[in-house]
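Now for the letters of each chain:
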Amino acid sequence: TPQGPASLRHPHPTQMLGRALLGRAAMTRGAAALRRLSTPPTRARAAAAAVAGGGGAAMTLSTVAAAEFSPDAPDTSAAPQKPIVIFVLGGPGAGKGTMCQRLVEDYGFVHLSAGDLLRAERNRGGEKADMINSYIKNGQIVPNEVTCGLIMAAMEQSVCKKFLIDGYPRNADNREGWEAMGGAEPAAVLYFDCPEDILTARIEERGRLAGDKRRADDNAEAMVKRLKVYKEETGPVISFYDARGKVMRINTGFERDQVYASVKRAV
Ligand code: UDP
Ligand code: MG
């Protein structure tokens, strides 16, 4: 991706995503390592210097490649790290969980699935368990204070502050509540677009394969409701971020490796 100092001061959303993926601290370390080199570095030397100068989960060749374009980045390593958030949205079965896992492996993100957090809370069996379960079984959206509270608590507990937040915000109320509770403006929104017949087939298959571990909502009846809620309620959230130039749309109606290749291209 061509970048210059000016474009870094006013980054395009894709560049912001690149920076989010690489991590501010890692980029700063990379830039510092580059400043220490007296001769213009080759990429390989720069990478070696950067790794020697700090390492870290996100320290990769591309980190250094990106750092080359921001040699004057301020050193913020002492400042508390502000969370970097990427929302991952898409219909049920669109591949959010699968792709997030791969992004975690390759880029050191923390993956927070709103659905998983809600199911864990339900399984814990606290006072909200029955309430959460009835929303999930009907494909309805759990009140935001519950979901947002779980996500923010998980973020708080995480040392790494680069987050993929999967399956949230699911409607305008979620989004507004997130903002009202001080949630970070997302660096980008990954929108996994997939034809409905494929979504339905995948959820059917997932239900079949899960046997007695099948999710309460992985059945034909709940799936119809989930798709309806997704279109009617999550659609406007995607439009909202699209109008802000934040959305990166990926067609996820293909097999995993092919989809992940386009996810990587997008970031
Ligand atoms: N859910 C919710 N709010 C969220 C995320 C999930 O209410 O922010 C509930 C909702 O009932 C949804 C269910 O949890 O249908 C399953 O969500 P998940 O994201 O796991 O499903 P997916 O869309 O990934 O298949
Ligand atoms: Mg999911």
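Everything below is about the structure printed above this text.
Residues numbered from 1 in each chain as written. Chains lettered and ligands numbered in written order. Predicted model: local features only at pLDDT ≥ 70, side-chain atom pairs only at ≥ 80, totals over all residues. Heavy atoms only, no water.

Attention now moves to the site of ligand 1. Around ligand 1 sit 20 residues in total, of which Arg 119, Gln 140, Val 142, Arg 170 and Arg 226 are the nearest. Residue Arg 170 places a side-chain N or O atom 3.0 Å away from an oxygen atom belonging to ligand 1. Measuring from an oxygen atom of ligand 1, one finds a side-chain N or O atom of Arg 215 at 3.1 Å. Calculation on ligand 1 without its partners gives an accessible area of 520 Å², and the protein chains cover 96% of this total. Counting residues per element, the ones that place at least two in the shell around ligand 1 are helix 7 (114–124) and helix 8 (129–137). With 4 residues, the single largest contributor to the shell around ligand 1 is helix 7. Here the residues of the shell around ligand 1 sort into 8 nonpolar, 5 polar and 7 charged. (Near = heavy atom within 4 Å. Polar contact = N/O pair within 3.5 Å; in protein donor to acceptor, adjacent residues only side chain to side chain. Areas by Shrake-Rupley, 256 points an atom, 1.4 Å probe, with all protein chains shown as cover. Helix = DSSP H or I, 4+ residues; strand = E, 2+ residues; numbered from the N terminus. Nonpolar A, V, L, I, M, F, W, Y, C, P; charged D, E, K, R; others polar.)

Once that is clear, we can look at the sheet that holds strand 5 (residues 247–251). Sheet architecture is open: 5 strands sit in the order 2-3-1-4-5, paired in parallel fashion. Each edge of the sheet is formed by a strand with only one pairing partner; in this case those strands are strand 2 (110–113) and strand 5. On average, each strand axis in the sheet is tilted by 20° relative to the strand beside it, whichever way the strands run. Pairing between strand 4 (residues 188–193) and strand 5: 5 bridges, direction parallel. (Pairing = 2+ DSSP bridges. Axes fitted to C-alpha atoms, helices over the stretch in contact; angles between N-to-C directions.)

Next up on the list: the packing of aromatic side chains. Summed over the entire model, instances satisfying the criterion amount to 5 aromatic pairs. Between Phe 87 and Tyr 241, the ring centres sit 6.0 Å apart and the planes meet at 50°, which makes this aromatic pair tilted. With Phe 87 in strand 1 (residues 84–90) and Tyr 241 in helix 12 (residues 220–243), the pair connects residues that are 154 residues apart, well separated along the chain. As far as burial versus exposure is concerned, Phe 87 and Tyr 241 are alike and both buried. Judged by centre distance (5.8 Å) and plane angle (65°), the rings of Tyr 168 and Trp 178 are edge-to-face. Here Trp 178 lies in helix 10 (residues 172–180) and Tyr 168 lies in the loop between strand 3 (162–166) and helix 10, a separation of 10 residues in the sequence. The class for Tyr 168 is buried, based on a relative accessible area of 1%. (Phe/Tyr/Trp six-rings, centres within 6.5 Å; stacked < 30°, edge-to-face > 60°. Buried < 20%, exposed > 50% of the residue type's maximum accessible area, 1.4 Å probe, protein only.)

What follows concerns the packing of helix 11 (residues 196–210) against helix 12. For the pair helix 11 and helix 12, the least separation of the axes is 11 Å and the interaxial angle reads 140°. The orientation of helix 11 with respect to helix 12, classified from their angle, is oblique. Note that helix 11 runs across helix 12; the crossing there is right-handed. Along its contact with helix 11, which presents Glu 196, Leu 199, Thr 200, Ile 203 and Arg 206, the element helix 12 presents Met 223, Arg 226, Leu 227 and Lys 231. Residue classes in the contact of helix 11 with helix 12 are distributed as 4 nonpolar, 1 polar and 4 charged. (Parallel < 35°, antiparallel > 145°, perpendicular 65-115°, else oblique. Left-handed = near helix turned anticlockwise from the far one by under 90°. Contact = heavy atoms within 4.5 Å.)

Note that every value here comes from positions in space, so none of it alone points to a role or purpose.
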